[in-house]
Amino acid sequence: LVRRLIEEGDHVLVYLDRRRRWLVRVTKGAKLHTHEGVVDIGGTLGQPFGIRVDSTLGATFYALKPISIDFLMKAERRTQVVYPKDLGLIAVKTGVSPGATVVEVGTGSGVLTGFLANLVRPDGHVYSYEARPEFLAVARRNLEKLGLADYVTLVGRDAKEGLEPRDADAGIIDVGDPWLLVKPISAALVAGAVVAAISPTMNQVEKLVVELSEEGYVDVESLEVIVRGLEARPGMTRPAMRMIGHTAYLTFARKTASAKE
Ligand SMILES: C[S@@+](CC[C@H](N)C(=O)[O-])C[C@H]1O[C@@H](n2cnc3c(N)ncnc32)[C@H](O)[C@@H]1O
């Protein structure tokens, strides 16, 4: 059993239950104040991740090792962001993996950017375009906190003016008028590259798929990810009463060698 020990400066996910969890940086003497009592975070130094820590009121907490989605879900949000259920399918359908070059339009808060940066590192790179400086600053802060800034070039510009990379393996579009970004992003992609677009409404999807087909893309597919949780208990397991409502429709397409440049 490989047990990595918690060191000064590490983050731990302080877990109480499914709804209550905190991402905390571990330093000597650090304490977390909660409604269930005070948790001695500093006391986890030198202990293995996963260690149980009881609060001053006797509640049971665990200092878990955070994974990338824990950081992404705690990121500062100033725009609509892409949610885990959609992130997963974007990863599968674009095939973005270590070493890939990705170009993205609509950095927003940088949640998807951070997810992609984590997939392409250590040798790949994400070029992300954001027209509004205030959102670019939020995304920059988030990426720095995640330790992912080295894998991302943030460009503060309207992507309709053109995109720099010429050899990207995947293109991501998360803006209100995605059909207007197909031509600019196409020029940044190698033939065979996959485009993924995130669109909250169906009329955006309709305009986008028409434009993708006109530009010579194939394998055009639009879908929505619907996730239903289970409340699992011996003898009483059933679907959860509540579900995440609508987030966005996802559209994927592949650039052909005959696609217009
Ligand atoms: C929905 S947000 C993106 C959220 C992001 N995917 C995330 O997970 O945090 C869309 C962003 O696209 C930006 N945007 C819209 N049109 C743009 C364009 N033509 N060029 C660059 N950025 C654009 C908006 O300013 C906005 O911040």
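Residues numbered from 1 in each chain as written. Predicted model: local features only at pLDDT ≥ 70, side-chain atom pairs only at ≥ 80, totals over all residues. Heavy atoms only, no water.

### Some points on the pairing of strand 7 (residues 101-105)
So, point 1. Burial of strand 7 is extensive: five of the five residues sit out of reach of the surface.
So, point 2. Because side chains alternate across strand 7, one face comprises the buried residues Thr101, Val103 and Val105, and the other comprises Val102 and Glu104, equally buried.
So, point 3. One ladder, built from five bridges, connects strand 7 with strand 8 (residues 125-129); its direction is parallel. When the sheet's bridge partners are listed, Glu104 is paired in strand 8 with Ser128.
So, point 4. Looking at chain direction, strand 7 and strand 10 (residues 168-173) are connected through four bridges and run parallel. (Buried < 20%, exposed > 50% of the residue type's maximum accessible area, 1.4 Å probe, protein only. Helix = DSSP H or I, 4+ residues; strand = E, 2+ residues; numbered from the N terminus. Pairing = 2+ DSSP bridges.)

### Overview of unusual backbone geometry
So, point 1. Arg121 connects to Pro122 through a cis peptide bond whose omega is 15 degrees.
So, point 2. Summarising the element assignment, Pro122 is placed in the loop between helix 3 (111-120) and strand 8.
So, point 3. Even without glycine at this site, Asp219 takes up a positive phi of about 55 degrees.
So, point 4. With respect to the secondary-structure elements, Asp219 resides in strand 12 (residues 218-223).

### Some words on the environment of Gln204
So, point 1. As for its position among the elements, Gln204 is in helix 6 (residues 202-214).
So, point 2. On a C-alpha basis, the gap between Gln204 and Gly171 in space is 17 Å, while along the polypeptide they are 33 residues apart.
So, point 3. With residues near it in sequence (within four places) discarded, Gln204 still touches Val175, Gly176, Pro178, Trp179 and Ser199.
So, point 4. In this structure the side chain of Gln204 is engaged in a polar contact, spanning 2.9 Å, whose partner is the backbone oxygen of Gly176. (Contact = heavy atoms within 4.5 Å. Polar contact = N/O pair within 3.5 Å; in protein donor to acceptor, adjacent residues only side chain to side chain.)

### Examining the packing of aromatic side chains
So, point 1. Here the structure, examined in full by the defined rule, presents one aromatic pair.
So, point 2. Each ring, one from Trp22 and one from Phe61, has its centre 6.0 Å from the other, and the planes form 45 degrees; the classification is tilted. In this pair, Trp22 sits in strand 2 (residues 21-25) while Phe61 sits in strand 6 (residues 60-64), placing the two residues 39 residues apart along the sequence.
So, point 3. We classify Phe61 as buried; its relative accessible area is 0%.
So, point 4. The ring of Phe49 has Lys65 lying over it, and the distance from NZ or CZ to the ring centre is 5.1 Å. (Phe/Tyr/Trp six-rings, centres within 6.5 Å; stacked < 30°, edge-to-face > 60°. Lys NZ or Arg CZ within 6 Å of the ring centre and 35° of its normal.)

### A short note on the nonpolar core
So, point 1. Ile90, Val102, Leu112, Ile172 and Ile198 are the most contacted members of the largest nonpolar core, which totals 33 residues.
So, point 2. Put simply, the parts of the chain that give this core at least two residues each are helix 2 (84-94), helix 3, helix 4 (133-146), strand 9 (152-155), strand 10, strand 11 (189-199) and strand 15 (249-254).
So, point 3. The leading source of residues in this core is helix 3, at six residues.
So, point 4. Filtering out sequence-adjacent residues up to four positions away, Ile172 remains in contact with Ile90, Thr94, Val102, Val103, Glu104, Val105, Leu112, Leu116, Ile185, Ala196 and Ile198.
So, point 5. Ala168, Leu181, Val182 and Ala188 belong to the second largest nonpolar core, which has 21 residues in total. (Core = buried A, V, L, I, M, F, W, Y, C linked by side-chain atoms within 4.5 Å.)

### Focus on the sheet that holds strand 9
So, point 1. On the basis of which strands lie adjacent, the open sheet formed by seven strands has the order 9-8-7-10-11-15-12 and mixed pairing. Two strands bound the open sheet, and with one partner strand each, they are strand 9 and strand 12. Pairwise comparison of adjacent strand axes, ignoring direction, gives a mean angle of 15 degrees for this sheet.
So, point 2. One ladder, built from five bridges, connects strand 10 with strand 11; its direction is parallel. Bridged to Ile172 within strand 11 is Ala196.
So, point 3. Where helix 2 meets the sheet, it contacts strand 10, strand 11, strand 12 and strand 15, and its direction lies at approximately 5 degrees from that of strand 15.
So, point 4. Docked against the sheet, helix 3 engages strand 7, strand 8, strand 9, strand 10 and strand 11, running at close to 160 degrees with respect to strand 8. (Axes fitted to C-alpha atoms, helices over the stretch in contact; angles between N-to-C directions.)

### Side note on the site of the ligand
So, point 1. Close contacts around the ligand come from 22 residues, with Glu130, Ala131, Asp158, Ala159 and Asp174 the closest.
So, point 2. A distance of 2.8 Å separates a nitrogen atom of the ligand from a polar atom in the side chain of Asp158.
So, point 3. Against a free-state accessible area of 620 Å², the protein chains account for coverage of 87% of the ligand.
So, point 4. Residues belonging to the shell around the ligand are distributed by class as follows: 10 nonpolar, seven polar and five charged. (Near = heavy atom within 4 Å. Areas by Shrake-Rupley, 256 points an atom, 1.4 Å probe, with all protein chains shown as cover. Nonpolar A, V, L, I, M, F, W, Y, C, P; charged D, E, K, R; others polar.)

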